[in-house]
Amino acid sequence: MTSINLDKAGVCASGFCAIHCSITPLVLLNVGHLTLFSFLHDPVLEWVLFSIAVLVGAVAILPALFKHKKAYVLVLFLSGLFLVVQSESIPQIASKVSFSILGGLLMAYAHFENLKLKSSK
């Protein structure tokens, strides 16, 4: 039986978060608020994606931090998390999208770095 690599799952979850944040405005601008695509802008979906990214990040990065003692991974993850949270308070759509994409990518990169550190031991 294979175990789930939480950092790989974290890269996927954070990357999916960044993709969601980048395509949702484009889809909604091009097709309007059609019922078929309304789920993309659902606050419940956004909270679920955010919660999964935070949960996976906490479970993957915090225990590894105590082993490899490289705090920059946690700083990368928390910086990305901060940007995603801050994006919700920005009224300009371009800035909001930019902050959330950058935040998702930073969280994904933190998992990538964590994976490299764990595999180098």
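Look up a bit, the structure's there.
The structure reproduced in this document is the subject of the present report. Everything quoted here is computed from the prediction, not taken from an experiment. (Residues numbered from 1 in each chain as written. Predicted model: local features only at pLDDT ≥ 70, side-chain atom pairs only at ≥ 80, totals over all residues. Heavy atoms only, no water.)

**As for the side chain of histidine 68**
Argument step 1. In this fold, histidine 68 is placed in helix α2 (residues 43–68).
Argument step 2. A polar atom in the side chain of histidine 68 sits 2.8 Å from the side chain of asparagine 114. (Helix = DSSP H or I, 4+ residues; strand = E, 2+ residues; numbered from the N terminus. Polar contact = N/O pair within 3.5 Å; in protein donor to acceptor, adjacent residues only side chain to side chain.)

**Re the side chain of serine 100**
Argument step 1. As for its position among the elements, serine 100 is in helix α4 (residues 93–119).
Argument step 2. The exposure class assigned to serine 100 is buried, which follows from its relative accessible area of 5%.
Argument step 3. Non-local contacts of serine 100, meaning those with residues more than four positions away in its chain, are made with Cys21, Val84 and Ser87. (Buried < 20%, exposed > 50% of the residue type's maximum accessible area, 1.4 Å probe, protein only. Contact = heavy atoms within 4.5 Å.)

**Section: the packing of aromatic side chains**
Argument step 1. Scanning the model with the defined rule gives two aromatic pairs in all.
Argument step 2. The interplanar angle of 90° and the centroid separation of 5.7 Å between the aromatic rings of tryptophan 47 and phenylalanine 50 together place this pair among those described as edge-to-face. One end of the pair is tryptophan 47 and the other is phenylalanine 50, both in helix α2 and three residues apart, which spans about a single turn.
Argument step 3. Owing to a relative accessible area of 58%, tryptophan 47 belongs among the exposed residues under this scheme. (Phe/Tyr/Trp six-rings, centres within 6.5 Å; stacked < 30°, edge-to-face > 60°.)

**Thoughts on the packing of α2 against helix α3 (residues 71–87)**
Argument step 1. At a minimum axis distance of 9 Å, the contact between α2 and α3 shows a crossing angle of 165°. Here α2 is positioned roughly antiparallel relative to α3, judged by the angle of their axes. In terms of crossing hand, the pair formed by α2 and α3 is left-handed. Of the residues in α3, those touching α2 at Phe50, Ala53, Val54, Gly57, Ile61, Leu62, Leu65 and His68 are Ala71, Val73, Leu74, Phe77, Leu81, Val84 and Val85.
Argument step 2. For the contact of α2 with α3, the class distribution of residues is 13 nonpolar, two polar and no charged. (Axes fitted to C-alpha atoms, helices over the stretch in contact; angles between N-to-C directions. Parallel < 35°, antiparallel > 145°, perpendicular 65-115°, else oblique. Left-handed = near helix turned anticlockwise from the far one by under 90°. Nonpolar A, V, L, I, M, F, W, Y, C, P; charged D, E, K, R; others polar.)

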